[in-house]
Amino acid sequence: MVPGYTGYIPRMPFKFGNTYKEDCDVCIDDFLTNTKRHDSKVHNLKQTTNSYPTLDVVNKDDASVTRRLNHYRDRHPTAPILLESRRPLTEAPMPGYRGFIPRAGVTELGLGSRYHTVCEDSLNVFDHETKRHASKIGKPVVPPQRPEDATGVTGVELPGQHPEGNSRRLYKKIGMVPKYTGYLPQMRFRFGNTYADTSRSLPVCFHDEATYGKHVAKHGTPHTALPAW
């Protein structure tokens, strides 16, 4: 390449210790060689596929298809097929999976554990919440008057009886998840502590009620002294 060229050169960022000309020659040669090898593999693959006869379209309503599937199932009763071969919902993904895991990044389940444990716990919680919400669809939402009626025909459960399954408290007593960028009331007036200690010391986190509104209704609004400027 011409000295001073600043355009893209394949694999150039991974070359060190040589002159610009030498690295450019090696990168371009490798790129052309790999491109020709890939084109050759694609050409060979097309020749191989063209050498096989074309498959006929199978009608799903054909009786012979059903008969052959039943015959295969009778001869291989333990072989996993169709939906039975799918991974369970709560099975943790393979190591290195970078996709989305529900409840892992937004709760404390994603802290202080191995990747496999985090995925397994998060998927179990997600599956439990999904089934619990599905079981309540279509049922009347009537708050129970007594704690013993919490699991009655209304389908409503008190948070105090099942805190792990019904708690929707955002500001938890154990503090907020690290790197949480949402709003924390009175956070701007606290200094000198770590993020976890500061969040645990805020009035919205350290109370024992189900919600901050119940805490305020019972104990009143806390008065926080503003810093002197």
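Residues numbered from 1 in each chain as written. Predicted model: local features only at pLDDT ≥ 70, side-chain atom pairs only at ≥ 80, totals over all residues. Heavy atoms only, no water.

1. Overview of the overall build of the protein
Definition in use: Only DSSP runs of H or I reaching four residues or more are called helices, and only runs of E reaching two or more are called strands; each is numbered from the N terminus. Note on classification: 1.4 Å probe, protein chains only; a residue is buried when its accessible area is under 20% of the maximum for its type, exposed when over 50%, partly exposed between these limits. By the convention used here, residues are in contact when the closest approach between their heavy atoms is within 4.5 Å. Residue exposure ignores everything except the shown protein chains as possible cover, and the areas themselves are Shrake-Rupley values with a 1.4 Å probe.
Assigned secondary structure in the protein consists of seven helices and zero strands. Starting at the N terminus and ending at the C terminus, the protein contains elements arranged as α-α-α-α-α-α-α. Of all 229 residues assigned to the protein, the portion counted as buried reaches 19%. The long-range share in the protein, meaning contacts at least 24 apart out of those at least 6 apart in sequence, stands at 32%. Split by element, the accessible area of the protein, about 18400 Å² in all, is 59% carbon and sulfur.

2. Side note on the nonpolar core
Rules: Grouping buried Ala, Val, Leu, Ile, Met, Phe, Trp, Tyr and Cys residues that are joined through side-chain atoms within 4.5 Å yields what is termed a nonpolar core.
Judged by nonpolar contacts, Tyr171, Met176, Leu184, Leu202, Val204 and Cys205 together constitute the single largest core of six residues. Membership of the second largest hydrophobic core comes to five residues, among which are Ala92, Ile101, Ala104 and Val118.

3. Some thoughts on unusual backbone geometry
A positive phi is found at Arg11, a non-glycine position, where the angle reads about 65°. Along the polypeptide, Arg11 turns up in the segment before helix H1 (20-51). The partly exposed category is assigned to Arg11, whose relative accessible area is 48%. Residue Gln186 is not a glycine yet carries a positive backbone phi of 70°. Its location among the elements puts Gln186 in the loop between helix H4 (163-166) and helix H5 (195-201).

4. Things to note about the side chain of Asp23
Formally: Positive residues here are Lys and Arg, negative ones are Asp and Glu, while His and the chain termini are left out of the count. One side-chain nitrogen of Lys or Arg within 4 Å of one carboxyl oxygen of Asp or Glu is enough to make a salt bridge. Identification of polar contacts relies on pairs of N or O atoms within 3.5 Å, with a donor-acceptor requirement for protein atoms, meaning one able to donate a hydrogen and the other able to accept it, and with residues adjacent in sequence counted only if both atoms are side-chain atoms.
Position of Asp23 among the secondary structure elements: in helix H1. Within the buried core, Asp23 has no salt-bridge partner, and the shortest N-O distance to an opposite charge, that of Lys15, equals 6.6 Å. A polar atom in the side chain of Asp23 sits 3.3 Å from the side chain of Asn18. For Asp23, the residues in contact, after removing those within four places along its chain, are Met12, Lys15, Phe16 and Asn18.

5. Considering the pattern of salt bridges
Scanning all chains against the criterion turns up four salt bridges. Glu129 serves as the salt-bridge partner of Arg103, at 3.6 Å between the closest nitrogen and oxygen. Linking Arg103 in the loop between helix H2 (63-75) and helix H3 (115-135) with Glu129 in helix H3, this pair joins segments that are 26 residues apart in sequence. Notably, a salt bridge pairs Arg200 with Asp197, separated by 2.6 Å at the nearest N-O pair. Remark: Asp197 and Arg200 occur in helix H5; sequence separation between them is three residues, near one turn of the helix. Using a relative accessible area of 33% as the deciding quantity, one classes Arg200 as partly exposed. Residue class for Asp197 comes out partly exposed when judged on its relative accessible area of 38%.

6. What to know about the confidence of the model for the protein
Any segment with low pLDDT has predicted coordinates that should not be analysed in fine detail. Using the following cut-off: Each residue carries a pLDDT score, the predictor's confidence in it, ranging from 0 to 100.
Across the protein, pLDDT averages 77, with 81% of residues at or above 70. The element-level mean pLDDT for the protein is lowest in H4, coming to 44, with H1 highest at 92. In this model residues 151-166 is a low-confidence stretch, pLDDT under 50, and it forms 31 contacts with partners more than four residues away in sequence or in other chains. Confidence drops under pLDDT 50 across residues 225-229; counting only partners more than four residues distant or on other chains, this segment forms two contacts.

7. Looking at a nonpolar patch on the surface
The line we're drawing: Note on patches: the residues involved have over 30% relative accessible area and no salt bridge, like charges join within 9 Å, and the nonpolar side chains Val, Leu, Ile, Met, Phe, Trp and Tyr join within 5 Å.
On the surface, a cluster of nonpolar side chains totalling about 300 Å² of accessible area is made up of Met1, Val2 and Tyr5. Residue position: Tyr5 is located in the segment before H1.

8. Observations regarding the state of the cysteines
Selection rule: We call a pair of cysteine sulfur atoms a disulfide when they lie within 2.5 Å.
Counted by the stated rule, this structure contains zero disulfides. Of all cysteine sulfurs, the one in Cys27 lies closest to Cys24, which takes part in no disulfide; the gap is 6.8 Å. Residue classification places Cys24 among the buried positions, given a relative accessible area of 0%.

9. So, the side chain of Thr198
If you trace the backbone, Thr198 turns up in helix H5. Overall, Thr198 belongs to the buried group, its relative accessible area being 4%. Apart from residues lying up to four places away in sequence, Thr198 is in contact with Met187, Arg190 and Asn193.

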